[in-house]
Amino acid sequence: MLNIVTLQQSQNPEPVAPPPPSREELRAQVREQVEAARQAARDAAEAAREQARIAREQAQTQTIQESPRIFVGTEVPPPFPPGMIPREAVAISIAFFVMVAFIIVGWPIARAMGRRIDRKSAAPQLDSGIASQLQRIEHTVEAMAIEVERISEAQRYVARLETERGREGASLRAGEAR
């Protein structure tokens, strides 16, 4: 009887669930899916760049066919209507000519003023009487400075003597008290 049960079981086996994947297998699957997603994103970006490049080339070929004023892929702006000059160009040209005129007229004037200032700054010539008086005043001031220095040196010497005398007197009095 035992054999019959085993035979019946072997003929109708119950579906067995596969064992759950291990951690490493799960990680490997996740890595593969992430890498596949990244590759898909790269492919999509490359396709978008390629489409943009094709669109640019088509636009360039259209502009080249439409306009004969194209130089190496850059378009030359259309000329101004006949008889019309932009206001900015007029203002720039007027400013340029005013500057040139100012330089032509102002340069000699500036040089003349500079020469006049240089002549005024030169030392004025004094007559001999005033020069001798200034020389005597200078000698007198120097002599006075020397005398003032001597007086101050004498005062310092006297002050030093007085302080030394005061110390000697104080030490004598302190010695008497003992």
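Residues numbered from 1 in each chain as written. Predicted model: local features only at pLDDT ≥ 70, side-chain atom pairs only at ≥ 80, totals over all residues. Heavy atoms only, no water.

**Details of the overall build of the protein**
Looking only at helices and strands, the protein features four helices and two strands. When the helices and strands of the protein are listed from N to C terminus, the series reads α-α-β-β-α-α. Within the protein, the fraction of its 178 residues that count as buried is 2%. When the accessible surface of the protein is totalled, it reaches about 17200 Å², and 62% of it is carbon and sulfur. (Helix = DSSP H or I, 4+ residues; strand = E, 2+ residues; numbered from the N terminus. Buried < 20%, exposed > 50% of the residue type's maximum accessible area, 1.4 Å probe, protein only. Areas by Shrake-Rupley, 256 points an atom, 1.4 Å probe, with all protein chains shown as cover.)

**Observations concerning the packing of aromatic side chains**
Under the criterion given, the structure shown has one aromatic pair. Seen in terms of ring centroids, Phe96 and Phe97 are 5.4 Å apart; in terms of plane orientation they differ by 70°. Their pairing is edge-to-face. Overall, Phe97 belongs to the exposed group, its relative accessible area being 56%. (Phe/Tyr/Trp six-rings, centres within 6.5 Å; stacked < 30°, edge-to-face > 60°.)

**Here we look at a nonpolar patch on the surface**
A contiguous nonpolar patch, built from Phe96, Phe97, Met99, Val100, Phe102, Ile103, Ile104, Val105, Ile109 and Met113 and spanning about 1100 Å² of accessible area, is present on the exposed surface. Positionally, Ile103 belongs in helix 3 (residues 87-121). (Patch = residues over 30% accessible without salt bridge, like charges linked within 9 Å, V, L, I, M, F, W, Y side chains within 5 Å. Salt bridge = Lys/Arg side-chain N within 4 Å of Asp/Glu carboxyl O.)

**Quick word on the confidence of the model for the protein**
When pLDDT is averaged along the protein, the result is 81, and 74% of the positions lie at 70 or above. Of all helices and strands in the protein, the one with the weakest mean pLDDT is strand 1 (residues 70-71) (52), whereas helix 3 scores best (92). (pLDDT = per-residue confidence, 0-100.)

**A look at the pattern of salt bridges**
Where charged atoms from two side chains of opposite charge approach closely, those side chains can pair. If you walk through the whole model with that rule in mind, you get seven salt bridges. Here Arg150 and Glu147 are joined by a salt bridge, their closest N and O atoms 3.0 Å apart. Here Arg150 and its partner Glu147 are both found in helix 4 (residues 128-176), three residues apart, which amounts to about one turn of the helix. Looking at Arg150, the relative accessible area reads 53%, which means it is exposed.

**What about a positive patch on the surface?**
A cluster of like positive charges, contributed by Arg111, Arg115, Arg116, Arg119 and Lys120, occupies part of the molecular surface. Inspection of the secondary structure puts Arg115 in helix 3. (Lys, Arg positive; Asp, Glu negative; His and termini not counted. Charge placed at Lys NZ, Arg CZ, Asp CG, Glu CD.)

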